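The chain contents come next:
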Amino acid sequence: MSKAKGKKPQRSGSNVFANFDQQQIQEFKEAFTIIDQDRDGFISEKDLKDMWASLGVIKDDSFLSEMMKEATGPLNFTMFLTFMGDKLQNTDSDDTLVSAFLTIDSENTGLIPKTQFTNALTQLGDRFSKEEIAQMYDVAPMKGDSVDWKRFIKLIKYGGDFEEEA
């Protein structure tokens, strides 16, 4: 049986729960519940609009439509979990992310001062907007005024909140 070049194997919806541990599933369930504003068991454009508004952000209908187009069907919890799994799998490898952060943290301290990190994000590679940077700092693990990039990699790759390492 040959695979078409560039095609990823499709996961079975019933097997999606096997791709995550119980803690991750619980965290995704909490996120799903927050997004499912009308509590009907499905995420709709209206749910997304209401969720963004609850965060003080107004998104237009075309933005919301584009978000919904990323799902391959009605967005119930199983589809949401499949979607999130795909998103997490499509990140760069740990080694690639470590190498990228080491270009900024050349002494491998595990910390990058916020001003230095902001400069890198606005001047190197795919430049971040001020809004994207603010959103990133809302979730980035910080130690004082520095980004703890080793914990940040875990957040990017695996989701969830990781405690500081000893």
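Residues numbered from 1 in each chain as written. Predicted model: local features only at pLDDT ≥ 70, side-chain atom pairs only at ≥ 80, totals over all residues. Heavy atoms only, no water.

Taken over all residues, the pLDDT of the protein has a mean of 79, while the share at 70 or more is 82%. Averaged pLDDT values over the elements of the protein bottom out at 78 in helix α4 (residues 77-89) and peak at 93 in strand β1 (residues 111-113). (pLDDT = per-residue confidence, 0-100. Helix = DSSP H or I, 4+ residues; strand = E, 2+ residues; numbered from the N terminus.)

Looking now at the side chain of serine 146. Mapped onto the fold, serine 146 is located in strand β3 (residues 146-148). Judged by its relative accessible area of 14%, serine 146 falls in the buried class. Ignoring anything within four residues of it in the chain, the contact list for serine 146 reads Leu111, Ile112, Pro113, Lys114 and Pro141. (Buried < 20%, exposed > 50% of the residue type's maximum accessible area, 1.4 Å probe, protein only. Contact = heavy atoms within 4.5 Å.)

Okay, the packing of helix α6 (residues 114-123) against helix α7 (residues 130-139) next. Running from N to C, α6 and α7 point in directions that differ by 140°, and their axes come no closer than 11 Å. Of the possible angle classes, the one that applies to α6 and α7 is oblique. The two elements α6 and α7 cross, and the hand of that crossing is right-handed. Facing Lys114, Phe117, Thr118, Leu121 and Thr122 of α6, the residues of α7 in contact are Ile133, Met136 and Tyr137. Here the residues of the contact of α6 with α7 sort into five nonpolar, two polar and one charged. (Axes fitted to C-alpha atoms, helices over the stretch in contact; angles between N-to-C directions. Parallel < 35°, antiparallel > 145°, perpendicular 65-115°, else oblique. Left-handed = near helix turned anticlockwise from the far one by under 90°. Nonpolar A, V, L, I, M, F, W, Y, C, P; charged D, E, K, R; others polar.)

This part covers the packing of aromatic side chains. Under the defined criterion, the tally for this structure stands at eight aromatic pairs. Between phenylalanine 28 and phenylalanine 80 the ring centres are 6.5 Å apart and the planes differ by 80°, which places this aromatic pair in the edge-to-face class. Note that phenylalanine 28 is positioned in helix α1 (residues 22-35) and phenylalanine 80 in helix α4, a separation of 52 residues in sequence. Ring geometry for phenylalanine 101 against tryptophan 149: centres 5.4 Å apart, planes inclined by 10°, an arrangement best described as stacked. Pair noted here: phenylalanine 101 is in helix α5 (residues 94-104) and tryptophan 149 is in helix α8 (residues 149-158), with a separation of 48 residues, a long-range link. (Phe/Tyr/Trp six-rings, centres within 6.5 Å; stacked < 30°, edge-to-face > 60°.)

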